[in-house]
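Observations on the three-dimensional arrangement
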Amino acid sequence: MTRFSLTHFIPRLLIVLGALLIIDAIYVMWRGVFHFGSFFPLFVGLMLVLAGGYWQRLHNWFSAATWRRWLWRLGWGAALAWVGSVAVFFWHIQHGYQTDLNSAGKPVDTILILGSGTLHCQASPTLAARLDAGIVQAQRLPQAMIMVSGGKDWRRDCTEAQIMSDYLRSHGIPAARIWQEERSTSTYENFVFSRALLQQYGVGPEQGLLIVTSDFHSLRSARIAQRAGFSHTASAMAETPLYLRYNVWLREYFSFISGYLLDEY
């Protein structure tokens, strides 16, 4: 019977995990999604494959001195702690954050649909899911106006808000019911710029606001809305396409950290 050996098992495991991450990243980018949630798995996957391929050399180098052995253990400990934090975060956001319309505390005057990226001046799958969810809410709340929020795609001449507006109108929402915020490039700007535009239309931040966004994004967006001054909000979620789910969850993990550091909530 062949004796089990970590020396042979670990490098093979690293190569397999790295290859899976690389395949995932390439597939997502092939589908036209380019953001940190697709680039980071590619980088990690390449590092894992290299670590597996040069495992024996790395092990010998780190074993040659006491301080290197401690560095080796510290590095693996930090990596495992980080993976654990990501797992906890994924578990925390897996069901999203949806609140009943009554939680707004006031009648909903405005439905705010947050942008999520475009593909060649067309709605991405994630954005289309948000817009579809917004259409459902618009039908439930015929008295509410709809604000679509998203700025210019840096690679194109179109704005996300215009693409969102076109999508809504093609699905039966009257143009007179849609307002467009076309400057924002982040979730925080979505709310800050939308608030300023809403005030121009006579809608104050103390009035009822229904936020429509993706399931993974709903918790952070609700916190940012409060930080931006909206005092009566409710949230409605759109389900994230399965092939993108864990990539955008990973992106959201880092967005949560950056939002905290930037004092966005």
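In this report, we go over the structure that sits alongside the text. Going along each chain's sequence as written, the residues are numbered from 1 onward. Local features in this predicted model are restricted to residues whose pLDDT is 70 or higher, and side-chain atom pairs enter the listing and the counts only when it is 80 or higher, whereas totals over whole chains, interfaces and linings include all residues. Side-chain calculation: all heavy atoms of the structure are included, whereas hydrogens and water are not.

1. Brief notes about the overall build of the chain
Within the chain one finds 9 helices and 7 strands. Principal-axis analysis of the C-alpha atoms gives the chain an extent of 75 × 35 × 35 Å. Counting only residues that meet the buried cut, the chain has 45% of its 265 residues in that class. A sequence separation of at least 24 residues applies to 74% of the contacts in the chain between residues at least 6 apart. Each helix is a run of H or I in the DSSP string that is no shorter than four residues. Each strand is a run of E no shorter than two, and both are numbered from the N terminus. Per-residue accessibility, obtained with a 1.4 Å probe over protein chains only, is compared with the maximum for each type, and a residue is labelled buried under 20%, exposed over 50%, and partly exposed between these values. Contact criterion: two residues are considered in contact whenever any of their non-hydrogen atoms come within 4.5 Å of each other.

2. Structural notes on the nonpolar core
The definition of a nonpolar core used throughout is a set of buried Ala, Val, Leu, Ile, Met, Phe, Trp, Tyr and Cys residues joined through side-chain atoms within 4.5 Å. Counting 25 residues, the largest nonpolar core has I111, I113, I146, V148, L168 and L210 as its most contacted members. Among the secondary structure elements, those contributing two or more residues to this core are β1 (108–114), α5 (125–140), β4 (145–149), α6 (160–170), β6 (208–214) and β7 (233–238). Discounting chain neighbours no more than four positions away, the residues touching I146 are I111, I113, A138, L168, I173, R177, I178 and W179. One finds M145, V203, I211 and A228 within the second-largest nonpolar core, a separate group that totals 15 residues.

3. Brief notes about the environment of F40
With respect to the secondary-structure elements, F40 resides in helix α2 (residues 36–53). Between the C-alpha atom of F40 and that of L21, which follows or precedes it by 19 residues, the distance is 9.3 Å. Each residue touching F40, except ones within four places of it in the same chain, is listed here: W82, L250 and F254.

The analysis is restricted to geometry; functional conclusions fall outside its scope.
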